[in-house]
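Listed below, chain by chain, are the residues.
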Amino acid sequence: MSDTTTVTPPSRILTALELRAIGEGSAMAAAMPLLAKMRGGDGHTVLVLPGFAAGDESTGLLRGLLDKLGYDSRPWRLGRNMGPTPAVVEGLGALIERHSANGPVSIVGWSMGGVYAREIARMAPDSVRQVITLGSPIHLRAGDRSATSDLWESLEGLHEDRVEREPEASRPPVPVPTTAIYTRTDGIVRWQTCLTPEAPTHENIEVHGSHCGLGTNSSVAYVVADRLRQAPGEWHRFRAPFALRHLFPKSGRTIPGQNVTN
């Protein structure tokens, strides 16, 4: 994905395979008793933001697990995520202000929700403990395409005029620890657009699965719980236990900015 290369949508085969999300959700629901036995957290607040065209119902399973693990998970309560409408832009500011009153919060953002999460961290770093993104296309630019581009464009008249996204490469780094979870078989956006630039407190973690199933994927849930357990100021990179390493493919150090049209 060079500065002049237009990003294209994933193949139609991968998009069709997004139906796997149904099975992923069923598998995570069945695994909940086991997942709930993971080491619990410190009770801090975790905001969970839904993806494009989705609402809080899509994040219910993940939030339910986080509550079982002892966190104070919160939905965004801004309705269906139809992009950066004035209500969403204003609502996100109020959301972070309200929920961080007792200390910094962690934010888990699925797809477009993760794009919002990174922007919140840039605007209010003292209010954010860490950001975890799930298949968030942070490197998409004007003119780039995804499997949902037609729907996005049909809704642009509802979006806040003031919102103009600069290319990620020209943005300042997110000033809090970030974990970007992605899948190479993403059928909605090119997986390379979901990578955070590597840095001492920024990491990319690959999982098996679909884009639409990332919020209901047992491997993702394991990573999220592991990341949230870290105490402030003690962030370290994810390392899967030996018995689970097959769930987290070893991926090359792909640098955001390379060609992703193939």
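Above this text you will find the structure in question.
What you are looking at is a predicted structure, and each value in this text was computed from that prediction instead of being measured.

A. Summary view of the sheet that holds strand S3 (residues 105–110). As summarised here, the arrangement of the six strands in space is S2-S1-S3-S4-S5-S6, forming an open sheet in which the pairing is parallel. The open sheet has two edge strands, strand S2 (72–74) and strand S6 (202–206), and neither has a second partner. Neighbour to neighbour, the strand axes of the sheet diverge by 20 degrees on average, direction disregarded. Two elements, strand S1 (residues 45–49) and S3, share four bridges in a ladder whose sense is parallel. By the bridge assignment for S3, Val 48 is matched with Val 108. Here helix H4 (residues 86–99) sits on the sheet in contact with S1, S2, S3 and strand S4 (128–134), set at roughly 165 degrees to S1.

B. Quick peek at empty space enclosed by the protein. Counting across every chain of the model gives one cavity of 30 Å³ or more. The volume enclosed by the largest cavity comes to roughly 30 Å³. If you go around the largest cavity, the residues you meet are Val 48, Leu 49, Thr 59, Leu 62, Val 108, Gly 109, Trp 110, Leu 134 and Gly 215. Here the residues of the lining of the largest cavity are counted per class, giving six nonpolar, three polar and no charged.

How each quantity is defined
- Residues numbered from 1 in each chain as written.
- Predicted model: local features only at pLDDT ≥ 70, side-chain atom pairs only at ≥ 80, totals over all residues.
- Heavy atoms only, no water.
- Pairing = 2+ DSSP bridges.
- Helix = DSSP H or I, 4+ residues; strand = E, 2+ residues; numbered from the N terminus.
- Axes fitted to C-alpha atoms, helices over the stretch in contact; angles between N-to-C directions.
- Contact = heavy atoms within 4.5 Å.
- 1 Å grid on protein atoms, 1.4 Å probe; cavity = no way out; pocket = protein on both sides within 12 Å on 5 of 7 lines; lining within 4 Å.
- Points joined across faces, edges and corners; volume = space filled by probe spheres on them.
- Nonpolar A, V, L, I, M, F, W, Y, C, P; charged D, E, K, R; others polar.

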